[in-house]
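# Examination of the molecular architecture
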Amino acid sequence: MVSKFSVSEKDFRKALGRFATGIVVITTRDAENRPRAITVNAFTSVSLDPPLVLYCLGKSAFHFGIFAEAKAFAVNMLSADQQAFSDRFAREAGDEFADLSIRNLVTGSPILPECLAVLDCKTETQHDAGDHLIVVGRVCAIDQSGDSEPLIYFESGYRGLRSSLDD
């Protein structure tokens, strides 16, 4: 059935750019146990009981196969001073983790240093969604050691917080 409504990809992308999002780096390990990462802004909580989150993985992403097959992943929530991580993991590189000191929590997924918070997850389910795959994970461990402002993405650019509307 053909819809009588038509939305161009350009207009849709522009409209979605008006929604401010946080930036996260999703990390996992590939079949050879090498750390892998990809920058994502389509991330959200799903449920408190059980604790579930999801992220959307583009089917054209350079590490799509690795993340689609991953049994576990970590959500690294970036702070405003970690834009370099966002840029670094937004494109394919050789040894992405060469100069980084990483650690693990429970699942073995790599944890980036000094993030605002990290959610260590086991993959719960996946759903096909057009040109993306929705990956749902059960949170197994949390690290909230960061204490900074978040990295925000709005209208195709990085932004910071100005002030709280609650003040």
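Since the model is a prediction, treat every value here as computed from it, not as a measurement. (Residues numbered from 1 in each chain as written. Predicted model: local features only at pLDDT ≥ 70, side-chain atom pairs only at ≥ 80, totals over all residues. Heavy atoms only, no water.)

Spatially, 7 strands are ordered 3-2-6-7-8-5-4 in an open sheet, and the strand pairing comes out antiparallel. Edge positions in the open sheet fall to strand 3 (35-40) and strand 4 (43-47), since each of these has one partner strand only. On average, each strand axis in the sheet is tilted by 35° relative to the strand beside it, whichever way the strands run. Two strands pair when backbone bridges link them, and strand 2 (residues 24-29) and strand 3 are joined in this way by 6 bridges, in the antiparallel orientation. Counterpart to Thr27 in the pairing with strand 3 is Ala37. (Pairing = 2+ DSSP bridges. Helix = DSSP H or I, 4+ residues; strand = E, 2+ residues; numbered from the N terminus. Axes fitted to C-alpha atoms, helices over the stretch in contact; angles between N-to-C directions.)

Further remarks concern the packing of aromatic side chains. If you walk through the whole model with that rule in mind, you get 4 aromatic pairs. Aromatic ring contacts, followed pair by pair, group Phe85, Phe89 and Phe97 into a single cluster. (Phe/Tyr/Trp six-rings, centres within 6.5 Å; stacked < 30°, edge-to-face > 60°.)

The subject of this paragraph is the pairing of strand 4. Pairing of strand 4 with strand 5 (residues 52-58) involves 4 bridges; the strand directions are antiparallel. In the strand pairing of strand 5, Phe43 is matched with Tyr55. Hairpin geometry of strand 4 and strand 5 is characterised by an intervening segment of 4 residues between the two adjacent antiparallel strands.

So, on to unusual backbone geometry. The residue after Asp49, namely Pro50, is reached through a cis peptide bond having omega 0°. The phi torsion at Glu155 lies on the positive side, around 50°, for a residue other than glycine. A residue is classified by how much of its surface remains accessible, and Glu155, at 37% relative accessible area, is partly exposed. Despite not being glycine, Ser156 has its phi angle at roughly 65°, a positive value. Secondary-structure assignment places Ser156 in the loop between strand 9 (152-154) and strand 10 (157-159). (Buried < 20%, exposed > 50% of the residue type's maximum accessible area, 1.4 Å probe, protein only.)

Counting 16 residues, the largest nonpolar core has Ile26, Ile38, Tyr55, Phe73, Val75 and Cys121 as the members making the most contacts within it. At the level of secondary structure, the elements contributing two or more residues to this core comprise strand 2, strand 3, strand 5, strand 6 (72-77), strand 7 (117-129) and strand 8 (132-143). Look past the residues within four positions of Cys121 in its chain and what remains in contact with it is Val53, Ala72, Phe73, Val75, Thr107, Gly137, Arg138, Val139 and Cys140. Ala37, Phe85, Phe89 and Leu112 belong to the second largest nonpolar core, which has 14 residues in total. (Core = buried A, V, L, I, M, F, W, Y, C linked by side-chain atoms within 4.5 Å. Contact = heavy atoms within 4.5 Å.)

Time to look at the sheet that holds strand 10. Spatially, 1-9-10 is the arrangement adopted by the 3 strands of the open sheet, whose pairing is antiparallel. The sheet is open, and its two edges are formed by strand 1 (21-22) and strand 10, each paired on a single side. For strand 9 and strand 10, the ladder comprises 3 bridges, and the chain directions are antiparallel. Each bridged residue has a counterpart across the sheet, and for Phe154 the counterpart in strand 10 is Gly157.

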